[in-house]
Amino acid sequence: MAGEPQDDCLFCKIVAGHIPATLVRETETTVAFRDINPQAPTHVLVIPKVHHPDAAALAAAEPAIAADVLREAGEVARDEKLESYRVVFNTGSGAGQTVFHAHAHVIGGRGMQWPPG
Ligand code: AMP
Ligand code: ZN
């Protein structure tokens, strides 16, 4: 069923505590943890505890939780004292998505290019 934990999902395993992660924040509906392969001085992933394959699917099925993810992205930036930062939702393998459980990348602490690569 939509939103249910998936046995083969890395981020569902992190939510369940079966795979360790460096948690920086947790709410009733979300978890935030440091990316294992950081692309900037701050690189934190914010995920919903429920499983949806990408951000748009999450927003369609559970809009309040999508809002929680966005608010938590802002709270991570505040905790990390980032004046400027980027929130990225890679969607689809062609855009670099490798984990098909919705997640926001919160990236900051260095200069950034626009347009992105
Ligand atoms: P994406 O490529 O947008 O799907 O993002 C997935 C992110 O998860 C990548 O930036 C990975 O470095 C990160 N990642 C993969 N495995 C782990 C892990 N065990 N703990 C923390 N981050 C991870
Ligand atoms: Zn999952």
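First, a word on what this report is: a plain description of the structure on this page. (Residues numbered from 1 in each chain as written. Chains lettered and ligands numbered in written order. Predicted model: local features only at pLDDT ≥ 70, side-chain atom pairs only at ≥ 80, totals over all residues. Heavy atoms only, no water.)

## Focus: the sheet that holds strand β4 (residues 85-88)
Spatially, the five strands line up as an open sheet ordered β1-β2-β3-β5-β4, and their pairing is antiparallel. The strands lining the two open edges of the sheet, one partner per strand, are β1 (23-26) and β4. If you compare each strand with its neighbour and ignore which way they point, the axes differ by 20° on average. Pairing geometry for β1 and strand β2 (residues 30-34), over three bridges, is antiparallel. Within β2, the position partnered with L23 by the bridge is F33. This element, helix α3 (residues 63-79), spans β1, β2, β3 (42-48), β4 and β5 (104-108) of the sheet and lies at about 155° to β3. (Pairing = 2+ DSSP bridges. Helix = DSSP H or I, 4+ residues; strand = E, 2+ residues; numbered from the N terminus. Axes fitted to C-alpha atoms, helices over the stretch in contact; angles between N-to-C directions. Contact = heavy atoms within 4.5 Å.)

## Regarding the coordination of the zinc ion (ligand 2)
In the first shell of the zinc ion (ligand 2), the protein supplies C9 (SG), C12 (SG), H51 (ND1) and H101 (ND1), at 2.1 to 2.3 Å from the metal. Considering all four donor atoms around the zinc ion (ligand 2), angles at the metal cover 107 to 116° and the coordination shape is tetrahedral. Coordination of the zinc ion (ligand 2) draws on donor residues from a single chain, spaced C-x2-C-x38-H-x49-H in sequence. One end of the pair, C12, is in helix α1 (residues 10-16); the other, H101, is in the loop between β4 and β5, with 89 residues separating them in the sequence. In terms of burial, C12 and H101 fall into one category: buried. (Donors = N, O, S within 2.8 Å, 3.2 Å for Na, K, Ca; no water. Tetrahedral: all angles 85-135°; square planar, octahedral: opposite > 155°, others 65-115°. Buried < 20%, exposed > 50% of the residue type's maximum accessible area, 1.4 Å probe, protein only.)

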